[in-house]
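# Close look at the chain arrangement
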Amino acid sequence: MNFTKPWDNGKLQVCDNHRYLVNGATPFFWMGDTAWLLFQKLTLEETEIYMRNRKEKGFNIILVDFLHDSKQSNIYGKPALVDGDFMRPDMEGGYWNHVDQVIRMAEAMGLYMGILPIWGSSIVKSGALNMGNVDSYCNFLMSRYKRYPNIVWIMGGDVRGDVNEELFNWMGEFFKKNDPDKLVGYHPFGRTSSSAWFHSREWLDFNMFQSGHRRYDQASLGAWDDNAVKEEFYGEDNWRYVVRDYGMNHPKPTVDGEPSYEHILQGLHDETQPYWQAADVRRYAYWPVFAGAFGHTYGDNSIMQFYRDTSKKGAFGVKDTWDNALHHPGSSHMTHLYQLMTSVDFIHGHAADELLVGAQGERYDRIVIFAGEDYLMAYDYSGRPFAVDLGGFTGKTMEMYWFDPATGVYSFVKEIKDLDTLEAVPPKKDVDTDYVLVLRSK
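Predicted, not measured: the structure shown is a model, and the values here were computed from it. (Residues numbered from 1 in each chain as written. Predicted model: local features only at pLDDT ≥ 70, side-chain atom pairs only at ≥ 80, totals over all residues. Heavy atoms only, no water.)

### Section: the overall build of the protein chain
- Scanning the protein chain from terminus to terminus reveals 12 helices and 21 strands.
- The C-alpha atoms of the protein chain give 22 Å as radius of gyration, which agrees with the globular expectation for 442 residues (22 Å, within 12%).
- Counting the 442 residues in the protein chain, one finds 59% classified as buried.
- Long-range contacts, defined here as pairs at least 24 residues apart, represent 70% of the contacts in the protein chain between residues at least 6 apart.
- Here the protein chain displays about 17,100 Å² of accessible surface, and carbon together with sulfur accounts for 48% of that area. (Helix = DSSP H or I, 4+ residues; strand = E, 2+ residues; numbered from the N terminus. Rg over C-alpha atoms; globule rule 2.2 N^0.38 Å. Buried < 20%, exposed > 50% of the residue type's maximum accessible area, 1.4 Å probe, protein only. Contact = heavy atoms within 4.5 Å. Areas by Shrake-Rupley, 256 points an atom, 1.4 Å probe, with all protein chains shown as cover.)

Structure, rendered in structure tokens:
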């Protein structure tokens, strides 16, 4: 098959409005999947199946890490480092040759790879990578991977920036200086954003937050992933991170790099708790995107760890094998979000909750609105009636649809012209309640 390659339109860069990404002049809507252990857990044949599945669903960037720990080996038993030494990458064993092949495979399919040089929560927090060996390791990576056009460099790895701010700053500056045509970001600890530590740093091209896997009532669970410093807790309101990041001086584009995964335990640790389902995945996607995020990152519990051996217990209550999880419905629902956003001039759109008439709903009843010059879209998770102000569209004939984010189907309602206020009553569904009101000028 011939796959489109976004970098053929130009390098991936931040748009002039500092809210979105573009390839040259072509808008790029980030639709990511978290596949952290891809290099370590899949064969090349399995990798091709995984990547094609994601490419054909509209995903365009795959988030992975080179090393999850210093003793890392791949599925073929080949180690990345000699004796776990970051100054001695194993050049003979085949680990890095396998990585090369995977990146080239992604390139051939037109997929970006958001690559974390290391998983910071284990490797930096333990001191395995430090100021004494980071220069050697990063120089090795730069000499080997600078030539690829399909890489976005991501520092961090589920870790607070202040675990070793000096080291992370050094790495960010190194990759930006030595590979300036590539974007550089930071994947932070749960319920924090890169903006907390690195927003003003020139090497950081965009902010990334990890809204995480907890419910409104799970602020503190007495677990390892409780926030060491109690930042503001937003619960499931991941749109709040977007608002906060864009409220900073000299804002940068921002994206949720890790929301609640499909089929992962709510709160991660307690197997008596329910699992996040496809409807939750949709809510976690539409809320930040309509709040102005430059895209979204999906995840599935089975795929992020590439669980395969059901005789062994996996992490966070995982049940399905990764190859079955490829077909979980939430990943298909991301296709519809991608197609919806790219059907409009989204890089000139904006969060428009001020167009909601009447009181805003709390929590699941929130209506989040995104609008441009000739369109308006409102995501309604709970299916409650609401009203929108159409005064800004006076003189335009607007076509009204209900868009089902679970099926991608537009259901035509009527044409509207010179209507001050639209009373919107979502139709009833047999399963779930969420809809998107879509208004487009003819």
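### Thoughts on the environment of V344
- Its location among the elements puts V344 in the loop between α12 (329-342) and β13 (350-351).
- With 28 residues separating them in the primary sequence, V344 and G372 have C-alpha atoms 8.3 Å apart.
- Sequence-distant contacts of V344, defined by excluding residues within four places in its chain, comprise Y375, M377 and R440.

### Regarding the side chain of D300
- Relative to the helices and strands, D300 resides in the loop between β12 (295-298) and α10 (301-304).
- Among buried charged residues, D300 stands out as having no salt bridge; its nearest opposite-charge side chain is R54, 5.8 Å away.
- There is a polar contact of 3.5 Å between the side chain of D300 and the side chain of Y298.
- Within the local environment of D300, its side chain forms a polar contact with the side chain of H328, the two groups lying 2.6 Å apart. (Lys, Arg positive; Asp, Glu negative; His and termini not counted. Salt bridge = Lys/Arg side-chain N within 4 Å of Asp/Glu carboxyl O. Polar contact = N/O pair within 3.5 Å; in protein donor to acceptor, adjacent residues only side chain to side chain.)

### Side note on the pairing of strand β4 (residues 30-34)
- Among the five residues of β4, five are classified as buried, and the element is accordingly described as predominantly covered.
- Relative to β12, β4 runs parallel, the two being bridged by four bridges. Paired with G32 across the strands is T297, a residue of β12.
- Note: β4 against strand β5 (residues 61-65), three bridges, orientation parallel. Each residue of the ladder has a partner; that of G32, found in β5, is I61. (Pairing = 2+ DSSP bridges.)

### Remarks on unusual backbone geometry
- In the Ramachandran plot, H263 falls in the positive-phi region, its phi being about 60° despite a non-glycine side chain.
- One can find H263 in the loop between β11 (254-256) and α9 (278-290).
- Even without being glycine, L268 reaches a positive phi, approximately 80°.
- Note that L268 resides in the loop between β11 and α9.
- Overall, L268 belongs to the buried group, its relative accessible area being 8%.

### As for the packing of aromatic side chains
- Counted according to the given criterion, the structure contains 42 aromatic pairs.
- Ring geometry for W153 and F175: centres 4.6 Å apart, planes at 45°, overall tilted. Placement of the pair is W153 in strand β7 (residues 151-156) and F175 in helix α6 (residues 165-178), with a sequence separation of 22 residues. Of the two residues, W153 and F175, both sit in the buried class.
- Ring centres of Y401 and F412 lie 5.5 Å apart, and the angle between their planes is 70°; this geometry places the pair in the edge-to-face category. (Phe/Tyr/Trp six-rings, centres within 6.5 Å; stacked < 30°, edge-to-face > 60°.)

### Topic: the pairing of strand β10 (residues 207-210)
- Side-chain alternation along β10 places N207 and F209 on one buried face and M208 and Q210 on a second face that is also buried.
- The pairing of strand β9 (residues 192-193) with β10 spans two bridges and is classified as antiparallel. When the bridges of β10 are listed, S193 appears paired with F209.

### Topic: the side chain of D179
- Relative to the assigned elements, D179 resides in the loop between α6 and β8 (184-187).
- A polar side-chain atom of D179 sits 3.0 Å from a polar atom in the side chain of W153.
- Those residues within four positions of D179 in sequence are excluded, and the remaining contacts are M142, K146 and W153.

### Here's the deal with the sheet that holds strand β17 (residues 386-389)
- Strand order in this open sheet of three strands is β14-β17-β20, and the pairing throughout is antiparallel. In this open sheet, the two strands that pair with only one neighbour each are β14 (356-357) and β20 (421-424).
- Note that β14 and β17 share two bridges and pair antiparallel. By the bridge assignment, V357 is partnered in β17 with A387.

### A closer look at the pattern of salt bridges
- Enumeration according to the criterion identifies 22 salt bridges in this entry.
- Across the pair D181 and K11 runs a salt bridge, and its minimum N-O distance is 3.4 Å. Taken together, the residues span a long stretch of sequence, with D181 in the loop between α6 and β8 and K11 in the segment before β1 (12-14) at a distance of 170 residues.
- With a closest N to O distance of 3.1 Å, R160 and D162 form a salt bridge.
- Residue classification places R160 among the buried residues on the basis of a relative accessible area of 8%.
- Put simply, R282, D404, K429, D432 and D434 are held in one network by salt bridges that share partners.

### Some thoughts on the sheet that holds β9
- Taken in spatial order, the three strands of this open sheet run β9-β10-β11, and their pairing is mixed. Here the strands that pair on one side only, and so sit at the sheet edges, are β9 and β11.
- Packed onto the sheet, helix α8 (residues 239-246) meets β9, β10 and β11 and runs at close to 150° relative to β10. (Axes fitted to C-alpha atoms, helices over the stretch in contact; angles between N-to-C directions.)

### Some points on the packing of helix α5 (residues 134-145) against α6
- Relative orientation of the contacting elements α5 and α6 amounts to 30°, with a least axis distance of 11 Å. The angle between the axes of α5 and α6 places the two elements in the roughly parallel class. As for how α5 packs across α6, the hand of that crossing is right-handed. Facing V134, D135, C138, N139, L141 and M142 of α5, the residues of α6 in contact are L167, W170, M171, F174, F175 and N178.
- Split into classes, the residues belonging to the contact of α5 with α6 amount to nine nonpolar, two polar and one charged. (Parallel < 35°, antiparallel > 145°, perpendicular 65-115°, else oblique. Left-handed = near helix turned anticlockwise from the far one by under 90°. Nonpolar A, V, L, I, M, F, W, Y, C, P; charged D, E, K, R; others polar.)

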